[in-house]
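Breakdown of the fold
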Amino acid sequence: MLKINLIPISLLLGLSLSMYDSTAQSTIPQLGKNPVSEVVKAMTLEEKIHIVIGQGMYVPGMPMPGSGLPPTEAQKRVTGAAGTTGAIPRLNIPGLVVCDGPAGIHAFNGGKSRLYYATAWPIGTLLASSWDTALVRKVGVALGAEAKEFGIDVLLGPGMNIHRNPLGARNFEYYSEDPVITGRIAAAMINGIQQAGVGTSAKHFFANNQETNRNSVNTIISERAMREIYLKGWQIAVKESNPWTIMSSYNLVNGPYTSENPELLRTILKDEWGFKGFVMTDWFGGKNAVAQQIAGNHLVMPGLPNQKKDILDAIKNKQLDEAILDKNVTDILNIILKTPVFKGYKFSDNPPLTENAQLSRQAAAESMVLLKNKGNALPIAVGSNLAVFGNNQIDLVAGGTGSGDVTKMYTVPIADGLFKAGYQLNAQLYRAYAQYMQSEKAKQPKRSSLADLMSPIVPIAEMSVSLDAIKKAAATSSIALIAIGRNAGEGNDRKEKDDYYLTEKELKLITDVSSVFHQQNKKVVVTLNIGGVIDVAQWRDKVDAILLAWQPGLEGGNAIADVITGKVNPSGKLATTFPAKYSDDYSAKNFPGREIPGSEKPGLFGQKQVDAEVIYEEGIYVGYRYFSSFNLPSAYPFGYGLSYTTFQISDLTLSQKTMEDNPIQVSVRITNTGKVAGKEVAELYITAPKTNLDKPALELKAFAKTKLLQPGESQTLNFTLTASDLSSFNTTESAFVAEAGNYTVRFGHAEQTSVSASFNLPKTLTIEKVNKVIVPKQTINELKR
């Protein structure tokens, strides 16, 4: 267990007395009435420390390290919230409530007097698959307004880490393998939430791409890969949305913990990007609260008593300059001024959950990706007789586990959604699955909230279905639907066997159902209710249609039914690559890295912790950058997605053939050439000239989505390309450089472009000089073309 150093009760009493001393109240500066600098000047040293160390987690029935004191006003405001900050009433400084999470509000609901039921929104990966920033912003506004009505000041999200490897357990929280998608979708979400008057804490900053040894792994990464892939999305989000806060990650990067690295938090985040908010640690992240203060990690969460003493001692011993503490407190107070609690907002505990559920349903349906549709198997006529197979039809996975889970009142299973949509379900088959799932769930042991958070329960094995039962179902059904589900989350990365790859029972089910139904000229559809990429190559040729629903939130069954009926025409595109096999992903060679022998030590909550390292040898060749550059076919490429209609991309025009002093304006026309209304995404890729600097075959630079186009209707989409969009990071020069030569603009997806046009950059341009920081301490054998 975590060892807590006890501190004298006199120190705790001293903090308490100094905070609530009412002497000469009328002459004491008040936050909001006096300049922040005067408020900080009026604070005692203990009060300043009280602001930069969180007040712990208050979860009834779930004791946390350092707990034991009665709950504060902020903790009582939202019981079970992830954390709170310290209040100083004499200075008019309230305590903030911060709460998970990225796909909806997660409170532990430990108390009986007040329960929270929130909207479970589509997971980050599904929202990114919409390629629709307007839709994502709309979701953000609703999520922020909901949080505000529950008394929450800051939501701990969105998640912004890159999908480096398919087995990353928290990929569901994150948007994409590409930094442009990540940055622009995150900015839309942040702008939406903060428009509602609630703050965000974009997380986890940065290169936190695995759960294995997440608190101790040293991510070794080149400066170029860091700048172009793993920091780029953050830079876009900071500049386009200015999040109130950012959460530093657990891991180390090229040596130091991210939360203890001033090169990251001060030099890059503040100085280079102009970030105006404050940084908080991930919960129990890092090791040294003093080093975190020096680095520019303003708020230490969830906060432990010994951390207050450490900072106090460091200032008294001249190891920490109080001016640094003053700056960190100032940045926090400037954000507190924006919060609902400071503005006296009277929250209702009654957000519009019914309306939000319908928006969640809409966003999920519009973001789903149609991977295959042989012979127009989809949509299926309402009223058809369906034979629905698979445990997942009963047990929808609305979202992932851990802090990314949502405290939801209900979920709509796939079978329920199909039935309500007007389909006739094979009753005997449905009863068999319902009874099986009920029986198997009854066998599962009761678990604590902490166990659920850190180690998801083993999934129920797929029910075996005999050939005779399949034949009986086929005799009375016009089509088969097989529901495949996956879940993962905080604490443990996924596995290849029986997770990335389907289980033997799942493969047998697909084989048997396809064989029987195809013998009767009946089609087979598969739905994928998953949080991360899985193998499809082994079985996709056996089925007629595949609908990728990802994890669609609490209305998932209804949203899936909306697409299957044709009520919604699928318009999602993959924001992450589906490899033909796991080993095709170059990062598979070193994911999740290696443990350092002899370094085992006790970690949080009784878990072991070992020192570890992972070397990003793929460099910039992450996801489609690797597959397209090395001519390695994927199962389904980045940017791919089908529709119930067809589209033509045409009339690509560039405003000029040479980029001189002005940006190039790009326009492209998209026409619905099919028979039903639909939306299409325009994905703008750039192919750079071959120079001395190694570059991918193509890179996404911009994207946009059309309105709903009726058959025969067209829409022209416009883009602006600047010299910055052409630049790559030159490590020797510590600069982003756009190299002279011919560039090609392409539209399509990562493995197939339909239209292209070229222009010339006549001379090499240095776009931005940056600081040479976070330099790896060893040579990396990076992949090159």
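Summarised in this report is the structure supplied together with it. (Residues numbered from 1 in each chain as written. Predicted model: local features only at pLDDT ≥ 70, side-chain atom pairs only at ≥ 80, totals over all residues. Heavy atoms only, no water.)

Describing the sheet that holds strand 11 (residues 424-425)
For clarity, the threshold we go by: Any two strands with at least two DSSP bridges between them are considered paired. A run of H or I in DSSP counts as a helix once it spans at least four residues, and a run of E counts as a strand once it spans at least two, with each numbered from the N terminus. When checking whether two residues touch, look at their non-hydrogen atoms; a contact exists if any pair is within 4.5 Å. What counts as an axis is a line fitted to C-alpha atoms, over the stretch in contact for a helix, and the angles between N-to-C directions run from 0 to 180 degrees.
Taken together, six strands build an open sheet; the order of strands is 9-14-13-12-10-11 and the sheet is mixed. Only two strands of the sheet have a single partner each, and these edge strands are strand 9 (369-373) and strand 11. Pairing geometry for strand 10 (residues 385-389) and strand 11, over two bridges, is parallel. If you follow Asn 385 over to strand 11, its bridge partner there is Gln 424. Across the sheet, helix 16 (residues 427-443) is in contact with strand 10 and strand 11; its angle to strand 10 comes to roughly 25°. Of the strands in this sheet, strand 12 (479-485), strand 13 (523-529) and strand 14 (545-548) are in contact with helix 21 (residues 556-565), which crosses strand 14 at around 140°.

Digging into the packing of aromatic side chains
Definition in use: Pairing of aromatic rings covers Phe, Tyr and Trp, the last through its six-membered ring, and needs centres within 6.5 Å; plane angles under 30 degrees mean stacked, over 60 mean edge-to-face, and all others mean tilted. Partly exposed describes any residue whose relative accessible area lies between the buried limit of under 20% and the exposed limit of over 50%, with all areas from a 1.4 Å probe on protein chains only and scaled to the type maximum. Whether a charge sits over a ring comes down to the Lys NZ or Arg CZ being within 6 Å of the ring centre and within 35 degrees of the ring normal.
Tallied over the entire structure, the rule returns 20 aromatic pairs. Ring plane angle 85° and centroid distance 4.9 Å describe the contact between Tyr 500 and Tyr 501, whose orientation is recorded as edge-to-face. For Tyr 500, a relative accessible area of 0% puts it in the buried group. An aromatic cluster is built from Trp 131, Tyr 624, Phe 638, Tyr 685 and Phe 703, whose rings are joined through pairwise contacts. Over the face of the ring belonging to Phe 736 we find Lys 232, whose NZ or CZ atom lies 5.3 Å from the ring centre. Over the aromatic face of Tyr 636 sits the side chain of Arg 540, whose NZ or CZ is 5.0 Å from the ring centroid.

Details of the pairing of strand 10
The side chains of a regular strand alternate, first on one face of the sheet and then on the other. What counts, and what does not: Handedness of a crossover is defined as follows: with both strands directed away from the viewer, a clockwise route from the first strand across the helix to the second makes it right-handed.
The buried fraction of strand 10 is high, at four of five residues. For the segment spanning strand 10, helix 15 (residues 414-420) and strand 11, crossover handedness is right-handed. Relative to strand 12, strand 10 is paired through four bridges, and the arrangement is parallel. What sits directly across from Ala 387, in strand 12, is Ala 480.

Examining the side chain of Thr 85
The condition that has to hold: Identification of polar contacts relies on pairs of N or O atoms within 3.5 Å, with a donor-acceptor requirement for protein atoms, meaning one able to donate a hydrogen and the other able to accept it, and with residues adjacent in sequence counted only if both atoms are side-chain atoms.
Topologically, Thr 85 is positioned in the loop between strand 1 (83-84) and strand 2 (97-100). Exposure remark for Thr 85: the relative accessible area of 5% places this residue in the buried category. Within the structure, Thr 85 has its side chain in polar contact with the backbone nitrogen of Leu 96 (distance 2.8 Å). Residue contacts for Thr 85: discarding those within four places in its chain leaves Gln 55, Pro 94, Gly 95, Leu 96 and Leu 299.

Some remarks on the packing of helix 7 (residues 179-195) against helix 9 (residues 232-241)
Spelled out, the test is: Here a crossing is taken to be left-handed if its near helix is turned anticlockwise relative to the far helix by less than a right angle, and right-handed if that turn runs clockwise.
Remark: helix 7 packs on helix 9, axes separated minimally by 8 Å, with the N-to-C direction vectors making an angle of 30°. Regarding helix 7 and helix 9, the two cross each other, and that crossing is right-handed. From helix 7, Pro 179, Val 180, Gly 183, Arg 184, Ala 186, Ala 187, Ile 190, Asn 191 and Gln 194 reach across to helix 9, where they touch Lys 232, Gly 233, Ile 236, Ala 237, Glu 240 and Ser 241.

Some details on a positive patch on the surface
Applicable threshold: Each patch is built from residues that are more than 30% exposed by relative accessible area and take part in no salt bridge. Like charges join if they lie within 9 Å; nonpolar side chains (Val, Leu, Ile, Met, Phe, Trp, Tyr) join within 5 Å. Computed with the Shrake-Rupley method and a 1.4 Å probe, the accessible areas treat only the protein chains shown as cover for residues. The term salt bridge refers to a pairing of a side-chain nitrogen on Lys or Arg with a carboxyl oxygen on Asp or Glu at a separation within 4 Å. The charge count includes Lys and Arg as positive and Asp and Glu as negative, but it does not include His or the ends of the chains. Here the site of a charge means NZ on Lys, CZ on Arg, CG on Asp, or CD on Glu.
On the surface, Lys 239, Lys 276, Lys 338 and Lys 343 cluster together into a patch of positive charge. Here Lys 239 is to be found in helix 9.

Thoughts on the packing of helix 3 (residues 45-52) against helix 12 (residues 305-316)
Worth spelling out the cut-off: By definition in this entry, angles of less than 35 degrees are roughly parallel, angles greater than 145 are roughly antiparallel, angles of 65 to 115 are roughly perpendicular, and the rest are oblique. Side-chain classes follow a simple rule in which Ala, Val, Leu, Ile, Met, Phe, Trp, Tyr, Cys and Pro form the nonpolar group, Asp, Glu, Lys and Arg form the charged group, and the remainder, Gly included, forms the polar group.
The geometry of helix 3 relative to helix 12 is characterised by a closest axis approach of 10 Å and an angle of 135° between their N-to-C directions. Taken together, helix 3 and helix 12 sit at an angle that is classed as oblique. In terms of crossing hand, the pair formed by helix 3 and helix 12 is right-handed. Within the contact between the two elements, helix 3 uses Leu 45, Glu 46, Ile 49, His 50 and Val 52 and helix 12 uses Lys 308, Ile 311, Leu 312 and Ile 315. Partitioning the contact of helix 3 with helix 12 into residue classes produces six nonpolar, one polar and two charged.

With respect to a nonpolar patch on the surface
The grouping of Tyr 117, Met 409 and Tyr 410 at the surface amounts to a nonpolar patch, some 290 Å² of accessible area in total. Within the secondary structure, Tyr 117 sits in the loop between strand 2 and helix 5 (124-128).

Thoughts on helix 6 (residues 133-149)
Residues spaced three or four apart along an α-helix face the same direction, because each turn holds 3.6 residues. Put simply, the test is: Helices are assigned an expected span. That span is 1.5 Å times one less than the residue count.
Relative to the 24 Å expected for 17 residues at 1.5 Å per residue, helix 6 spans 24 Å between its end C-alpha atoms, a close match to the ideal helical length. Residues Leu 135, Val 136, Val 139, Gly 140, Ala 142, Leu 143, Gly 144, Glu 146, Ala 147, Lys 148 and Glu 149 constitute the buried set of helix 6. As for helix 6, its buried residues are in contact with helix 5, strand 3 (154-156), helix 7 and helix 14 (353-367). Looking at where helix 6 begins, the residue whose side-chain oxygen comes 3.2 Å from the main-chain nitrogen of Ala 134 is Asp 132. Positive phi shows up at Gly 151, right after helix 6, with a value of about 90°.

Focus on the pairing of strand 2
Neither face of strand 2 is left uncovered, since the one carrying Val 97 and Cys 99 and the one carrying Val 98 and Asp 100 both have all their residues buried. Of the pairings in the sheet, the one linking strand 1 to strand 2 comprises two bridges and is antiparallel in character. For Thr 84, the partnering residue across the bridge sits in strand 2 and is Val 97. Sheet topology places strand 2 next to strand 3; three bridges connect them, and they run parallel. Residue pairing for strand 3: Val 98 is matched across the bridge by Val 154.

Overview of helix 16
This is how the line gets drawn: Comment: arc refers to directions from the helix axis out to C-beta atoms.
The terminal C-alpha atoms of helix 16, which comprises 17 residues, lie 25 Å apart, in line with the 24 Å expected from a rise of 1.5 Å per residue. Within helix 16 the residues assigned to the buried category are Leu 429, Tyr 433, Tyr 436 and Met 437. For helix 16, the arc enclosing every buried residue in end-on projection is 95°, short of the 170-degree limit, so these residues lie on one face. Residues of helix 16 that are exposed and point more than 90 degrees away from the buried face comprise Gln 428, Gln 435, Gln 438 and Ala 442. Residues of helix 16 that are buried sit in contact with strand 10, helix 18 (467-476) and helix 20 (504-519). Of the residues that open helix 16, the one with a side-chain oxygen 3.3 Å from the backbone nitrogen of Gln 428 is Asn 426.

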